[in-house]
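# Close look at the chain arrangement
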Amino acid sequence: MLVLVVDSSTPAVTAALAEVSVDGVALRAHRCTVDARAHGELLAPQVDAVLADAGAQAADLTAVVAGLGPGPFTGLRVGLVTAATMGQVLGIPTYGVCSLDGVGHPAAAGEPVLAATDARRREIYWAVYDGAGQRIVGPDVDGPAVVAERARGLAVTVAVGDGAQRYADVLGLPVRDEPRYPDPAALARLAAERIRAGAATEPLTPLYLRRPDAVAATGRKPVLP
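Scope of this entry: the structure provided in the associated data block.

### Side note on the sheet that holds strand β5 (residues 94–97)
In any sheet, the strands associate via hydrogen bonds between backbone groups, in a parallel or an antiparallel arrangement. Reading across the sheet, the 5 strands line up as β3-β2-β1-β4-β5 and stay open at both edges, with mixed pairing between neighbours. Every other strand in the sheet has two partners, leaving β3 (24–34) and β5 as the edge strands with one partner each. Strand-to-strand twist in this sheet, taken as the mean axis angle between neighbours without regard to direction, amounts to 20 degrees. Sheet topology note: the strand β1 (residues 2–7)/strand β2 (residues 12–21) ladder contains 6 bridges and is antiparallel. From the neighbouring strand, V6 faces β2, where its bridge partner is A15. In this fold helix α1 (residues 39–53) packs onto β1, β2, β3 and β4 (61–67), with an angle of close to 30 degrees to the strand it touches most, β2. With respect to the sheet, helix α7 (residues 184–197) is in contact with β1, β2, β3, β4 and β5, its orientation differing from that of β3 by roughly 140 degrees.

### Some thoughts on the packing of aromatic side chains
The geometry of an aromatic ring pair is captured by the separation of the ring centres together with the interplanar angle, meaning the angle of the planes. Following the criterion strictly, the structure yields 1 aromatic pair and no others. On the numbers, 4.9 Å between centres and 45 degrees between planes, the contact of F73 with Y208 is tilted. One end of the pair, F73, is in helix α2 (residues 73–90); the other, Y208, is in the segment after α7, and 135 residues separate them in sequence. Assessed through its relative accessible area of 30%, F73 is described here as partly exposed. Accessibility expressed as a relative area gives 22% for Y208, which makes it partly exposed.

### Concerning the pattern of salt bridges
Under the counting rule described, the total for this entry stands at 8 salt bridges. The salt bridge involving R31 is made with D53; its shortest N-O contact spans 3.0 Å. Of the two residues, R31 sits in strand β3 while D53 sits in helix α1, which places them 22 residues apart along the sequence. Judged by its relative accessible area of 36%, R31 falls in the partly exposed class. Between D101 and R135 there is a salt bridge, with its nearest N and O atoms 2.8 Å apart. Highlighted residues: D101 in helix α3 (residues 101–104) and R135 in strand β8 (residues 135–142), separated in sequence by 34 residues. Sharing partners across several salt bridges, the network here consists of D118, D162, R166 and R180.

### Description of the environment of D177
With respect to the secondary-structure elements, D177 resides in the loop between β10 (175–176) and α7. Overall, D177 belongs to the exposed group, its relative accessible area being 61%. The spacing of D177 and A164 is 13 residues in sequence and 9.7 Å in space, taken between C-alpha atoms.

### With respect to α7
When the terminal C-alpha atoms of α7 are compared, their 20 Å separation across 14 residues agrees well with the 20 Å that a helix rising 1.5 Å per residue should span. If you look at α7, its biggest bend is around 50 degrees, right at A191. Those residues of α7 that are buried lie in contact with β1, β2, β3, β4, β5 and α3. Here α7 starts with a cap whose side-chain oxygen sits 2.9 Å from the backbone nitrogen of A185, and that cap is D183. One or two positions beyond α7, positive phi appears at G198, with a value near 65 degrees.

Reading guide: rules and limits
Residues numbered from 1 in each chain as written. Predicted model: local features only at pLDDT ≥ 70, side-chain atom pairs only at ≥ 80, totals over all residues. Heavy atoms only, no water. Pairing = 2+ DSSP bridges. Helix = DSSP H or I, 4+ residues; strand = E, 2+ residues; numbered from the N terminus. Axes fitted to C-alpha atoms, helices over the stretch in contact; angles between N-to-C directions. Contact = heavy atoms within 4.5 Å. Phe/Tyr/Trp six-rings, centres within 6.5 Å; stacked < 30°, edge-to-face > 60°. Buried < 20%, exposed > 50% of the residue type's maximum accessible area, 1.4 Å probe, protein only. Salt bridge = Lys/Arg side-chain N within 4 Å of Asp/Glu carboxyl O. Expected span 1.5 Å × (residues − 1). Bend = angle between axes of the 7 residues up to and from the residue. Polar contact = N/O pair within 3.5 Å; in protein donor to acceptor, adjacent residues only side chain to side chain.

Honestly, it's all geometry; don't read function into it.
Shown next, in the form of structure tokens:
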């Protein structure tokens, strides 16, 4: 089964094709560009590129997997709208996976691990995973000092992700180089059971965790004294 994977929850704009079989999950094609200001411009061309790289067409797709965040409002919605639209047009199911799972799950190696991505405003999106890669706390958004205290209480010994690299001095943990951003192969693996079972399509509900930076005015200001 050929599956499209998209994620735009971080500055890394990602599209990939994964082959899901009874034996496992294998990436057929993968494109990733790190640009926090060009999610809308980059994602659709990258979807076209991975299809071309794999010698496939959109009609060959069985399902779409999308990273649900957490992530900034503007970038995150690009991936979710793209995934939902393709699912509707092609008549195939869509499945969501927490994007932090795509960082923390593949980093698990028998010890608690902190996965963190940049949330801007000097904060990070974070979650903690046990030694088997299962999320045990989060996702949440906090300042690095708050996360460092929580991580100590959970006996975390290592951190991973772009947010962890940015604030390594505050977190006080060894930081692995990879994965820095959500791994599309991990996102596909985490949705594989649903894909194999032919589960019903899921609403792609974004994990924003906080209000967007830009909000509509709640009222009109008087112009007369």
